[in-house]
Amino acid sequence: MRKRNNSPAVDHDSSVTTSTVLDSGAHLRCCRRPAEPDPDKAMVRRLRNGLMFKVKRLFLWMLGVYIAIPFIIKLCPSIQAKLVFLNFVRVPYFIDLKKPQDQGLNHTFNFYFQPEDGVNVGVWHTVPAVLWKDAQGKDQAWYESTLESSHPAMLYLHGNAGTRGGDHRVQLYKVLSSLGYHVVTFDYRGWGDSEGSPSERAMTADAIFLYNWVKQRIGNNPLYIWGHSLGTGVATNLVRYLCDTGSPPDALILESPFTNIREEAKSHPFSMIYRNLPGFDWFFLDAITANDIRFASDENMNHISCPLLILHAEDDTVVPFHLGKKLYNIATQSKGLSGHKVQFIPFPKALGYKHKFIYRSPELPHILSDFLGTSHSQV
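Student: Account for helix α7 (residues 200-218), naming residues and giving values.
Tutor: In this model α7 runs 27 Å from its N-terminal to its C-terminal C-alpha over 19 residues, within 8% of the 27 Å that 1.5 Å per residue would give. Of the positions making up α7, those classed as buried are Glu200, Ala202, Met203, Thr204, Asp206, Ala207, Ile208, Leu210, Tyr211, Trp213, Val214 and Ile218. Positive backbone phi, at 65 degrees, marks glycine 219, one or two positions downstream of α7.

Spelled out as structure tokens, the structure:
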């Protein structure tokens, strides 16, 4: 019996089966729908692209402003003068400077003087705290008459921005009043409710006028000058004038002083982003000089001949501590100050007095009594 050979049939069936499977797979691949994009991922992608566009646009805008500011200030130097004075910044807002009692100064009288025709300058006169009860309801004539009493007077010259009603200033008036001082302060032309436009010359002229006004009424009682921040530049201008005319004050107190306005502007935090820029002096500092703003306290030291006290906090970021120390070192080398008491009092960083809060120091009464040679009985 012959053996049957079935392999060709098997091979035929296998090829047919394989072909059928392949055709079926191809058909399935042709009929499968393409995967649809994930809507959430598409939205995230659109948001990311939109955000990147906005960031780039913001960066370019900020870069444009950064580049434009130096040129704007150079072309319009009056802008730099406004940044030095900041007299348009009136803080605190909405206070009535005609009513110092609203600031807790119930023994203070508000009045106005005219250093020039048509210019009214606002003044506050705070009497010593021991006269508080007597001061209630009194008029200007009474306040002026009290200057003839045995109490010393302090002419206070405030810094830039704000008004004579600024909180840290009011707190210092209260401290000095409690120590037995008359405190006379004012807003320079262009500040607060004072008329006119600000300038270094005008600020100094106002200070000279008011100093002479107080001096005429105080008799032989001591009259001291206290300047703070930008007011230290006014104070040294005033004292230089007084010493040159042969009538120096009894003492000069400088709180948070600088050497001159160019060095202060270069050290101010506002200049941080530009101070390393090539041409910084040409763009910014020369614009200050173009406005005839110098406040050269370092130069004035050579013309001052009265006791000098400098107070400065180590953590002062507005007028850096090193500028106050530098001014002190210049003062110690001054021939005009030779023979006069020159003292520098630093306040450690840990106390947190910064630029405005030295009045909080419990040591201040002792510092003043030791320097001025007077005794204080706090009220």
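Text resumes after the structure shown.
Student: Give me the lowdown on the nonpolar core, citing residues and values where you can.
Tutor: Most often, soluble globular proteins have nonpolar side chains that are buried together. Phe85, Leu157, Phe186, Ile225, Leu238, Leu252 and Phe295 are the most contacted members of the largest nonpolar core, which has 61 residues in total. The dominant element in this core, judged by the number of residues it contributes, is α7, at eight residues. In terms of nonpolar packing, the next biggest core, distinct from the first, is built from 31 residues, Tyr156, Ala251, Leu311 and Leu368 among them.

Student: Any chance you could break down the confidence of the model for the protein for me, citing the residues and the numbers?
Tutor: Of the residues in the protein, 87% reach a pLDDT of 70 or more, and the chain-wide mean stands at 88. A low-confidence stretch, residues 6-22 (pLDDT under 50), is modelled with zero contacts involving residues beyond four sequence positions or located in other chains.

Student: Outline the layout of surface pockets, supporting the account with residue identities and numerical values.
Tutor: For the largest pocket, the calculated volume is near 890 Å³. When its residues are assigned to classes, the lining of the largest pocket shows 23 nonpolar, eleven polar and four charged. The calculated volume of the second largest pocket comes to roughly 290 Å³. Together, 15 residues line the second largest pocket, and Glu200, Arg201, Thr204, Asn237 and Arg294 are the ones closest to its centre. Elements supplying a minimum of two residues to the lining of the second largest pocket: α7, α8 (230-244) and α11 (297-300). With four residues, α7 is the single largest residue contributor to the lining of the second largest pocket.

Student: Tell me about the packing of helix α3 (residues 77-85) against helix α10 (residues 280-290), and please be specific about residues and values.
Tutor: Where α3 contacts α10, the two axes come as close as 8 Å, and the packing angle between them is 85 degrees. It follows that α3 is roughly perpendicular to α10 by the angle criterion. Across the interface between the two elements, Pro77, Gln80 and Val84 of α3 pack against Phe284, Ala287, Ile288 and Ala290 of α10. In the contact of α3 with α10, the residues fall into six nonpolar, one polar and no charged.

Student: How would you explain a nonpolar patch on the surface if you had to name every residue and give the values?
Tutor: On the surface, Leu58, Trp61 and Met62 cluster together into a nonpolar patch covering about 370 Å² of accessible area. By secondary structure assignment, the location of methionine 62 is in helix α2 (residues 39-75).

Student: Account for unusual backbone geometry, with residues named and values stated.
Tutor: A cis amide bond links valine 91 with the next residue in sequence, proline 92, at an omega value of -5 degrees. Mapped onto the elements, proline 92 comes out in the loop between α3 and β1 (108-116). The phi dihedral of lysine 354 is positive, around 50 degrees, even though this residue is not glycine. When you line up the elements, lysine 354 lands in the loop between β8 (342-347) and α13 (364-372).

Student: Describe the packing of α7 against α8, and please don't skip the residues or the numbers.
Tutor: The interhelical angle for the contact between α7 and α8, taken along N-to-C directions, is 60 degrees, at an axis separation of 9 Å. The angle between the axes of α7 and α8 places the two elements in the oblique class. Seen along the crossing, α7 lies across α8 with a hand that is right-handed. Two secondary-structure elements touch here, α7 through Glu200, Met203, Thr204, Ala207, Ile208 and Tyr211 and α8 through Leu230, Val234, Asn237, Leu238, Tyr241 and Leu242. Among the residues making up the contact of α7 with α8, the classes are represented as nine nonpolar, two polar and one charged.

Student: Give a detailed account of the pairing of β1, specifying residues and quantitative values.
Tutor: Bridge analysis of β1 against strand β2 (residues 119-126) gives seven bridges, and the strand direction is antiparallel. The residue bridging asparagine 110 from the neighbouring strand is tryptophan 124, located in β2. Taking the residues that link successive antiparallel strands as the turn, the β1-β2 hairpin has two residues, and the phi of glycine 118 there is positive, at about 80 degrees.

What counts and how
- Residues numbered from 1 in each chain as written.
- Predicted model: local features only at pLDDT ≥ 70, side-chain atom pairs only at ≥ 80, totals over all residues.
- Heavy atoms only, no water.
- Helix = DSSP H or I, 4+ residues; strand = E, 2+ residues; numbered from the N terminus.
- Expected span 1.5 Å × (residues − 1).
- Buried < 20%, exposed > 50% of the residue type's maximum accessible area, 1.4 Å probe, protein only.
- Core = buried A, V, L, I, M, F, W, Y, C linked by side-chain atoms within 4.5 Å.
- pLDDT = per-residue confidence, 0-100.
- Contact = heavy atoms within 4.5 Å.
- 1 Å grid on protein atoms, 1.4 Å probe; cavity = no way out; pocket = protein on both sides within 12 Å on 5 of 7 lines; lining within 4 Å.
- Points joined across faces, edges and corners; volume = space filled by probe spheres on them.
- Nonpolar A, V, L, I, M, F, W, Y, C, P; charged D, E, K, R; others polar.
- Axes fitted to C-alpha atoms, helices over the stretch in contact; angles between N-to-C directions.
- Parallel < 35°, antiparallel > 145°, perpendicular 65-115°, else oblique.
- Patch = residues over 30% accessible without salt bridge, like charges linked within 9 Å, V, L, I, M, F, W, Y side chains within 5 Å.
- Areas by Shrake-Rupley, 256 points an atom, 1.4 Å probe, with all protein chains shown as cover.
- Salt bridge = Lys/Arg side-chain N within 4 Å of Asp/Glu carboxyl O.
- Left-handed = near helix turned anticlockwise from the far one by under 90°.
- Pairing = 2+ DSSP bridges.

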